[in-house]
Structure formats: structure tokens, C-alpha cells
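Chain residues, written in single-letter form:
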Amino acid sequence: MRAEIDYAKSDAAALGWAFGCVLASMKERAHAMIISNGRISRWVLMVEWLVCFGPLTWLWCVAVAHISGPDAPFVLLIATTIGSLGPLALVTSMLATLAGIQRGLWPIAVWLAVGYSIAAVLQLVDAIVNGGLRLQWFESNGSTLVLLTILPLAGSLHLLHILGSGRKNAPAV
């Protein structure tokens, strides 16, 4: 790949080639993981959990800090309650990854996946009805949907998969 980049005709062609190389390496890595035992290193999972659940957890922390104010709107209480899925998901995923705890986390992971699925459907319905994604406090170009719903949904589904594979491979008690 390094040798072939020298033959690119322009900077745009070189950038396209580099992007294609990154995609090819990611595809090769994913293929190698599927063929092998499918295990992912803990530090990669920790980064995944932080990316998937970190933004919602941070927003929840900000909402909790402002909820006690005298001029806090009632809708902030609702958002804080729903947003509590973020820290719950982050703690659950970190427990499963760092401490290796899997017992008892399956029902939590199921509820997280259901909660994020409902949130995604509600936000998409709201976007269709209102002609664009307008969350309660700010307009969005879609990044809000991705950060606060799609990434957490993907992370919770992956956590569910990991915990589910642990349940299947667990010895009978």
C-alpha cells in the first residue's frame, strides 16, 4: 500500500487511496476476529463503551447539575430520568468488561437495548412528524440522534451479544 501511494495522480486520489486502505484494514481485522474466537481486547471494549455511552452520560451529569435550580423546567426532570440509561449502561458495560461480571447483567442489558430502541423510534417519529429532528432543547443535524440514541443502541446491542454468548458458553450449574 505504501509503494502504490506514490503512483497517485493527485492529492485527492492519494486521499481516496488512503481511505480505501483504512477500510480494507478494518475489514481484514473484523474478518480475522470472526474467524478466530471473536474475542475483543478489554481496552478496545472500554473505548467502545466510552464512545457509545459517554456522551449521554455526560449530558445526564449536566442535567443532574441543573435540575435543582429554581428555574429548571419540568421537562429537564423527564430528560434526566430517561438520560439515566447512559450512566447505567456505562457502569454495566464496564463491570462486564473490567471485572468480568456477567451474572445478573443480562436483564439490565435487555432493558437498555429496549430503552434505546424505544428512544430511537420516538426520535425518528418526531423527526418525521415535525419535518426534522428537533429535540426538546436544541435543533439537530442528526449528530444528536447518533450521539444520544444510535451509538448507545449499538453499544447496548453489542453488550447484549457479549453477555448472551457468555450465557451460552457458561457451564451448567
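In this text the structure is predicted, and so the values were computed from the model without any measurement. (Residues numbered from 1 in each chain as written. Predicted model: local features only at pLDDT ≥ 70, side-chain atom pairs only at ≥ 80, totals over all residues. Heavy atoms only, no water.)

1. A closer look at the overall build of the protein chain
Broken down by element type, the protein chain carries seven helices and zero strands. The secondary structure elements of the protein chain, listed N-terminal to C-terminal, are α-α-α-α-α-α-α. Looking at the 173 residues of the protein chain, the share that counts as buried comes to 28%. The contacts in the protein chain between residues at least 6 apart in sequence include a share of 67% that link residues at least 24 apart. Surface accessibility of the protein chain: about 11600 Å² in total, with carbon and sulfur atoms responsible for 70%. (Helix = DSSP H or I, 4+ residues; strand = E, 2+ residues; numbered from the N terminus. Buried < 20%, exposed > 50% of the residue type's maximum accessible area, 1.4 Å probe, protein only. Contact = heavy atoms within 4.5 Å. Areas by Shrake-Rupley, 256 points an atom, 1.4 Å probe, with all protein chains shown as cover.)

2. Here's the deal with the confidence of the model for the protein chain
Mean pLDDT over the protein chain stands at 77; residues scoring 70 or higher make up 79%. Looking at the elements of the protein chain, mean pLDDT is at its lowest for helix H1 (residues 2-5), recorded as 73, and at its highest for helix H5 (residues 85-99), recorded as 88. Below pLDDT 50 for its whole length, residues 169-173 participates in one contact with residues either more than four positions away or in separate chains. (pLDDT = per-residue confidence, 0-100.)

3. Describing helix H3 (residues 42-67)
Note on helix geometry: an α-helix contains 3.6 residues per turn, so any two residues three or four positions apart are oriented the same way. Taking 1.5 Å of rise per residue, 26 residues should cover 38 Å, and H3 covers 35 Å from first to last C-alpha, within 8% of that figure. The sharpest bend along H3 comes to roughly 50°, located at Phe53, with the proline Pro55 sitting one to four residues further on. Residues of H3 that are buried: Leu45, Trp49, Cys52, Phe53, Gly54, Leu56, Thr57 and Ala63. (Expected span 1.5 Å × (residues − 1). Bend = angle between axes of the 7 residues up to and from the residue.)

4. Some words on the nonpolar core
What tends to happen in soluble globular proteins is that the nonpolar side chains get buried as a cluster. Core analysis: the largest hydrophobic core is formed by 20 residues, its most contacted members being Trp49, Phe53, Tyr116, Leu159 and Leu163. Elements with a minimum of two residues in this core: H3, H5, helix H6 (106-130) and helix H7 (143-169). In contact with Tyr116, other than residues within four places in its own chain, are Phe53, Leu56, Leu85, Gly86, Ala89, Thr149, Pro152, Leu153 and Ser156. (Core = buried A, V, L, I, M, F, W, Y, C linked by side-chain atoms within 4.5 Å.)

5. Here we look at H5
The end-to-end C-alpha distance of H5, which contains 15 residues, comes to 20 Å, matching closely the 21 Å that a straight helix rising 1.5 Å per residue would cover. Every buried residue belonging to H5 is among Gly86, Pro87, Ala89, Leu90, Thr92, Ser93, Met94, Ala96 and Thr97, and all of these are buried. Backbone geometry just downstream of H5 places Gly100 in the positive-phi region, at approximately 70°.

6. Notes on the packing of aromatic side chains
The tally for this structure, following the rule as stated, stands at two aromatic pairs. Between Trp49 and Phe53, the aromatic rings sit 6.0 Å apart at their centres with planes inclined by 15°, giving stacked as the arrangement. Linking Trp49 with Phe53, this pair stays in helix H3, spanning four residues, or about one helical turn. A relative accessible area of 0% means that Trp49 is categorised as buried. On the numbers, 6.3 Å between centres and 20° between planes, the contact of Phe53 with Tyr116 is stacked. Taken together, the residues span a long stretch of sequence, with Phe53 in helix H3 and Tyr116 in helix H6 at a distance of 63 residues. Tyr116 shares its class with Phe53; the two are buried. An aromatic cluster of three or more residues is present, and its members are Trp49, Phe53 and Tyr116. (Phe/Tyr/Trp six-rings, centres within 6.5 Å; stacked < 30°, edge-to-face > 60°.)

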